[in-house]
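# Observations on the model geometry
Each chain is listed here by its residues.
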Amino acid sequence: MFSSSVSLSSLRPSGEMKASLLILSLLLLMGASTAQMPGFISLDCGGAANFSDELGILWTPDDQLMYGETTNVSVAIETRKQYQTLRYFPADNRKYCYTLKVISRTRYLVRATFLYGDFDKNNVYPKFDISLGATHWATIVISDADTIEVQELIILASDPTISVCLSNATTGQPFISTLELRQFNGSVYFTQYESQFYLSVSARINFGAESEASVRYPDDPFDRIWESDSLKKANYLVDVAAGTEKVSTRMPIDVSADERPPQKVMQTAVVGRNGSLTYRLNLDGFPGFGWAFTYFAEIEDLGPKESRKFKLVLPGMPELSKAVVNIQENAQGKDRLYEPGYPNISLPFVLSFKFAKTIDSSMGPLLNAMEINKYLKKNDGSLDGSVIASVVSLYSSADWAQEGGDPCLPVPLSWLQCNSDPQPRITKIELSGKNLTGNIPLDLTKLSGLVELWLDGNFLDGPIPDFSGCKDLEIIHLENNQLTGDMPSSLSEIPNLRELYVQNNKLFGKVPSGLLDKNLVLNYSGNVNLHKGGNKVSNSKIIIGSSVGAAALLIATIASCILMQKGKKKDQIERTMPSQRLVSSLGDAAKEAAHCFTLSEIEDATRQFERKIGSGGFGIVYYGKTNDGKEIAVKVLTSNSYQGKREFSNEAGFLLLVVMALEVILLSRIHHRNLVQFLGYCQEDGKSILVYEFMHNGTLKEHLYGPQTLDQSINWIKRLEIAEDAAKGLYYISQQLTDKSDVYSFGVILLELISGQEAISNESFGVNCRNIVQWAKLHIENGDIQGIIDPSLRGEYDIQSMWKIAEKALMCVQPHGNMRPSMSEVIKEIQDAISIERGAEAVREGNSDEISRHSVHSSLYMGSQDLGASDHYLSIDDSIARPTPR
């Protein structure tokens, strides 16, 4: 799992590498410039001066960055200079970016490392996000002060610069130790998807390594880090088959193929003397689609009658287990590279794989190296990115112009605001008092989504440009500048303009009559040579008066609604009027679709609220039966959060009235087989009540946590089917209401289904609504999914279907909405998990061998859905799914 924790020792040079370093040092003394390879950028974050490390790589400080603070780090087992300093940033709502120069249409490896070392003396492990431009790259989770976290991304540069940004600190402060850029050449890591996807490095393994030291520059001219298979990390390359033996050679290996793995890596290998090589590997960032290749070179001498033939076996994926490898034949000779693989394959988090010799082979399989990368969907970013880049270029030396990154994602620049569209538009520019000079940048007129423009208090001169193309523009502040020329009549063509401030400039001529005719707050004082034309009367006072009057009317309306609650003790008709008026005011649809029950009807049906059957948001649920025999569930809304606070009682009553009215309107519009049917409402005598159909089989809560779980529990596949139905219901709601459903809450439900623990309150497990997410994330991110699985499932599940749901649940509970998946993506993942589970269930019932229960499955062929395809998945056809030699 390359982009997870990397032990400090794994980054150290081997003895042979030190010998190479001696030669390099001699060359340096002779004036050779081998220390800095073309396309290498190595930033020592927080450093003070240039230096060359023991590998011969030149490091430069990041002292050009205007943001953040630097500090020293002391870790006993880490002596490399680049890890003795770091740069850290405030834990605020801003992003902090490094901008690196690149060559467009060239592939690069971008590597960021993080060594905490308790630099803030708080011993609170930081957690924050790293992004490449607008694309969320990874969440950095520090779990050990003395361990280096490494993230690598393979990209095709599309612009002259790239930005690496830190943001969204959940705990601690964002920080970074090193930032590296390594240029590839030729067709290294070419994929047909590279214009839409990056490759996030998940595993790069040197099999048969002679020590725990990694292999990198100068052995690898691209300075990739090849991890040793001797590392004993948790859940890393476990289940090594008996008879696995390391072999090596000193003969040169021809590695002149596409990915060009280093010769030193290809000179070592593992061989399965008993006929097989078996491993289980955790893949950071998966499940998902990825790029997976193996590297083979025949480094043993085979006799005339000896042969080595084997094939890849992926449990549960027979369609990928057909190709037979004959290294010497495929590579067309001994000591030559052969690299078959899959450029587009769906892989799980826990990957089990085996290489097994064929019946006609005399030698067991051999494996030199393996590389697995996950496809990371690029975010195209703000639609106004090029406009802002042009504006920023005019003031490149200003501090506000050096923030870098996409203007809107992952968070907006500090001096602007954006809307929430998938590809955001800029809605506000706020550059007041920033010492701007020259003309107002014409590019600002291209911001079609702009609502507010604040350029006041600067030294801008020249004319006011034509903003009539900014149809949404409402507020313009240009006061206290040195603007000249006429006030353009185009300002009156902005349809939504309501405030215009141009006072204290050097404008002249007449104020356009179109502006005077508009309902507009207009201030043009302080422009000595600017005056009104004709006898037009300014409407600014009228508008201000109207605004105050509207506010007073709103306050009076709210107050009257509250006061009406006090006087509802007269008779039955009077008591029913407030809710009817409120519901009527919010929408006629509710009156047409929802039945208004009287309180006496509710009391008769529930026998004076005799039988409590549950509780939910805002209320308690009772069982009832109407006169016609229909069974109902009655939710009585309460305001417990206000109990003991008399001063809030009126506000609470009004809040419940609004909540009830909104639920009536929304639920009466929704009809779906996976949603409980809404029947009606009642609002009388201080009670706010919603009525639903009664479900005979009890609630999910009762089945997961109720007394019946002592004898039997809902099995895993049934839980998945429940999750699928619930997700479809939520998806339906989001489509009907053109709103985003609560994906976060659904993620919590998925964690409940996995763990059998109640998020609302379950003190016996020490888990409650505030920490079930963190508790589950801690286990899942450490590869310990068994630590959260409900024991009542008794092991009757396929581990890969469990991993699929766990990973998707973590995505659902991401702290920021734009990082969460859509409900259609969640449904697709649940359906894949159900398919896996049904296959595994059939195997279990057929009493197949034990490994099938924990087999790896792959969603290679996405079933069609009426929800629409998701951009997060790549389509796969037969030609792509087959292994491809490179």
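Keep in mind that what you see is a predicted model, and the values were worked out from it rather than measured.

## A look at the overall build of the protein
Regarding its fold elements, the protein presents 17 helices and 46 strands. When each of the 886 residues of the protein is scored for burial, the buried share is 53%. Across the protein, every contact between residues at least 6 apart in sequence was considered, and the portion connecting residues at least 24 apart equals 68%. Roughly 39400 Å² of accessible area belongs to the protein as shown, and the carbon and sulfur atoms make up 51% of that amount.

## Side note on the state of the cysteines
Within the structure shown, the criterion is met by two disulfides. The disulfide partner of cysteine 408 is cysteine 418, and the S-S distance across this bridge is 2.0 Å. A torsion of -85 degrees about the S-S bond marks the disulfide between cysteine 408 and cysteine 418 as left-handed. Of the two residues, cysteine 408 sits in the loop between α4 (385–393) and β27 (416–418) while cysteine 418 sits in strand β27, which places them ten residues apart along the sequence. For the pair formed by cysteine 408 and cysteine 418, the shared burial category is buried.

## Some points on the sheet that holds strand β17 (residues 244–248)
Strand order in this open sheet of three strands is β17-β18-β25, and the pairing throughout is antiparallel. Lying at the two open borders of the sheet, with one neighbouring strand each, are β17 and β25 (366–367). Note that strand β18 (residues 268–272) and β25 share two bridges and pair antiparallel. From the neighbouring strand, valine 270 faces β25, where its bridge partner is leucine 367.

## Let's talk about the packing of aromatic side chains
Per the stated rule, a full pass over the model turns up 30 aromatic pairs. Between tyrosine 193 and tyrosine 375 the ring centres are 5.3 Å apart and the planes differ by 90 degrees, which places this aromatic pair in the edge-to-face class. With tyrosine 193 in the loop between β14 (178–183) and β15 (197–206) and tyrosine 375 in strand β26 (residues 369–377), this pair connects stretches of sequence that are 182 residues apart. For tyrosine 375, a relative accessible area of 6% translates into the label buried. Considering the side-chain rings of phenylalanine 310 and phenylalanine 355, the 5.8 Å spacing of their centres and the 85 degrees angle between planes classify their relative orientation as edge-to-face. Placement of the pair is phenylalanine 310 in strand β21 (residues 310–313) and phenylalanine 355 in strand β24 (residues 350–357), with a sequence separation of 45 residues. Just as phenylalanine 310 is buried, phenylalanine 355 falls in that class too. Here the guanidinium or amino end of arginine 182 rests over the ring plane of phenylalanine 40, the centre of that ring lying 4.3 Å away. When the ring centre of tryptophan 226 is taken as origin, the NZ or CZ atom of arginine 204, which lies over that ring, is 5.9 Å away.

## Looking at the UniProt feature "binding site: ATP" (unreviewed entry) in the protein
In the UniProt entry, the feature "binding site: ATP" (unreviewed entry) is given for Lys635. The topology assignment puts lysine 635 in strand β41 (residues 631–637).

## A closer look at helix α14 (residues 772–781)
Of the positions making up α14, those classed as buried are Ile772, Val773, Ala776, Lys777 and Ile780. Looking straight down α14, one finds its buried side chains confined to an arc of 125 degrees; they lie on one side. Glycine 783 sits one or two positions beyond α14 and adopts a positive phi of about 75 degrees.

## Overview of the pairing of strand β2 (residues 41–44)
Relative to β14, β2 is paired through four bridges, and the arrangement is antiparallel. Each bridged residue has a counterpart across the sheet, and for leucine 43 the counterpart in β14 is leucine 179.

## Some thoughts on the packing of α14 against helix α15 (residues 799–812)
It is the contact of α14 with α15, at a shortest axis distance of 11 Å, that shows an interaxial angle of 125 degrees. Classified by the angle between their axes, α14 and α15 sit oblique to one another. Crossing angle aside, the handedness with which α14 passes α15 is left-handed. For the pair α14 and α15, contact is made by Lys777, Ile780 and Glu781 and by Trp803, Ala806, Glu807 and Leu810, respectively.

Calculation rules
- All chains use their own residue numbering, which begins from 1 and follows the written sequence.
- Residues qualify for local features only when their pLDDT is at least 70, as the model is predicted, and side-chain atom pairs are given and counted only at 80 or more; totals for whole chains, interfaces and linings, by contrast, use all residues.
- Heavy atoms from the whole structure form the basis of all side-chain values; hydrogens and water molecules are not counted.
- Think of it this way: any DSSP run of H or I at least four residues long counts as a helix, any run of E at least two long counts as a strand, and we number them from the N terminus.
- Three exposure classes are used, based on accessible area relative to the maximum for each residue type with a 1.4 Å probe and protein chains only: buried under 20%, partly exposed in between, and exposed over 50%.
- The contact criterion used throughout is that any non-hydrogen atoms of two residues lie within 4.5 Å.
- In these tables, accessible area is a Shrake-Rupley quantity obtained with a 1.4 Å probe, and a residue counts as shielded only by the protein chains included in the view.
- Here, the term disulfide refers to a pair of cysteine sulfur atoms separated by no more than 2.5 Å.
- Any two strands between which DSSP finds at least two bridges are classified as paired.
- Pairing of aromatic side chains here covers Phe, Tyr and the six-membered ring of Trp, requires ring centres within 6.5 Å, and sorts the geometry by plane angle: under 30 degrees stacked, over 60 edge-to-face, intermediate tilted.
- Two conditions define a charge sitting above a ring: the NZ of Lys or the CZ of Arg must be within 6 Å of the ring centre, and it must be within 35 degrees of the ring normal.
- UniProt positions are given in the numbering used here, feature names are shortened, and annotations may be inferred rather than shown by experiment.
- To obtain the arc, one takes the directions from the helix axis to the C-beta atoms.
- In this description, a line fitted to the C-alpha atoms serves as the axis of each element, helices being fitted only across the stretch in contact, and the angle between N-to-C directions of two axes falls anywhere from 0 to 180 degrees.
- Every angle not falling under 35 degrees, over 145, or within 65 to 115 is termed oblique; those three ranges are roughly parallel, roughly antiparallel and roughly perpendicular.
- Handedness of a crossing is defined here by the sense of rotation of the near helix relative to the far one, left-handed for an anticlockwise turn of less than a right angle and right-handed for a clockwise turn.

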